[in-house]
Each structure stands twice: as C-alpha cells, then as structure tokens.
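The lines below spell out each chain.
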Amino acid sequence: MTDAAVRTKLTALVPALRHFHSALLDFAKGEYEFMNGPVKGPFELYSLVMNHPQFQWLRPLSGLMATLDEVLDARDTTLSERNLTDVQQALGLLFADSDTRFAEFRAGYVRARGDARVRETEAKWREVLGGLQA
C-alpha cells in the first residue's frame, strides 16, 4: 500500500475519533457538572480537562489522537501498512480488558457507553477502523 493510500485511510479515522472523543468529553463534563455545578465556559473546561482528576481517564485517548495527528503532520515521513497496524493495535489495547494500564479509561468508557452519542460515534470510528486494512 502506498504512502498516499495509508495517509488517506488514517486521515479518514481522525474526524471519527475526534467526534468520539468529543462525545466522551461531553459525558465527563456532565458527570462533573452533576457533582460540582456548571462549567463556566471553554477556558474552565480546558483547565478541568488538563488538571482535574475526574477527567484523567480521557488522557490515553487524547494522547493516541495527538500521536496520530503528529504522524499525519510529518510530511517527510513515509507511511506504511505498519502505521495502520499500529493504530489498530493501540486502539485495541485501549479497550482490551487484559491491559491494566488503561483500566481507568475503560471504567470511564463503561460509564459513558450508555450515552446515545457515545455509542453512535463509537460505531462510526469502529466502522472506519474496520476499513483500514481493506
């Protein structure tokens, strides 16, 4: 598979993951507001996401997305099928019960997956991910 084909496939995954992350963030914000009252704007939300332990569980997905963005932005790097495999494996580990490093993420995800938007956006990125090797 050519660099351009790999780049196209990975680029297609980015917005799907971003929508999923946004849905999870909205869920986490709702949990926070239930306990602490309304978040008073985007700057307070940003500060909470960066510093408050109640948002900590989102960081593994945020980090994976940042790494994916860096890989795609590195125009001087040739992408290969290995990059597709790496993304699939990283996402697999994030959701695998056998990997204890991401237990906090999975606990937050389990709470959030009752939310319709979380389910819809998850189905979309999983669909895109399933088409990466095709």
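The following refers to the structure shown. Nothing here was measured: the structure is a model prediction, and the numbers come from that model.

Another point: the pattern of salt bridges. When charged atoms on two side chains of opposite charge get close, those side chains can pair. For the structure shown, the criterion picks out 9 salt bridges. The shortest N-O distance in the salt bridge between Asp 26 and Arg 117 comes to 2.4 Å. Pair noted here: Asp 26 is in helix H1 (residues 3-36) and Arg 117 is in helix H6 (residues 116-130), with a separation of 91 residues, a long-range link. Note on Asp 26: relative accessible area 42%, which makes it partly exposed. With a shortest N-O distance of 2.8 Å, Glu 122 and Arg 126 are connected by a salt bridge.

Before going further, it helps to examine the nonpolar core. Core analysis: the largest hydrophobic core is formed by 39 residues, its most contacted members being Leu 13, Leu 17, Leu 24, Phe 55, Leu 61, Leu 91 and Trp 125. Taken together, the elements giving at least two residues each to this core come down to H1, helix H2 (42-51), helix H3 (59-73), helix H4 (81-95), helix H5 (103-112) and H6. By residue number, the principal contributor to this core is H1, which donates 13 residues. Among residues more than four places away in sequence, those in contact with Leu 91 are Leu 13, Leu 17, Leu 61, Leu 64, Trp 125 and Leu 129.

Across its 15 residues, H3 extends 21 Å between first and last C-alpha, which sits within 8% of the 21 Å expected from 1.5 Å per residue. For H3, every residue scored as buried is listed here: Leu 61, Leu 64, Met 65, Leu 68 and Leu 72. Buried residues of H3, viewed axially, fall in a sector of 95°; they line one side. In H3, the exposed residues that point more than 90 degrees away from the buried face are Glu 70 and Asp 73. Packing partners of the buried residues in H3 comprise H1, H4 and H5.

About the thresholds
Residues numbered from 1 in each chain as written. Predicted model: local features only at pLDDT ≥ 70, side-chain atom pairs only at ≥ 80, totals over all residues. Heavy atoms only, no water. Salt bridge = Lys/Arg side-chain N within 4 Å of Asp/Glu carboxyl O. Helix = DSSP H or I, 4+ residues; strand = E, 2+ residues; numbered from the N terminus. Buried < 20%, exposed > 50% of the residue type's maximum accessible area, 1.4 Å probe, protein only. Core = buried A, V, L, I, M, F, W, Y, C linked by side-chain atoms within 4.5 Å. Contact = heavy atoms within 4.5 Å. Expected span 1.5 Å × (residues − 1). Arc of directions from axis to C-beta.

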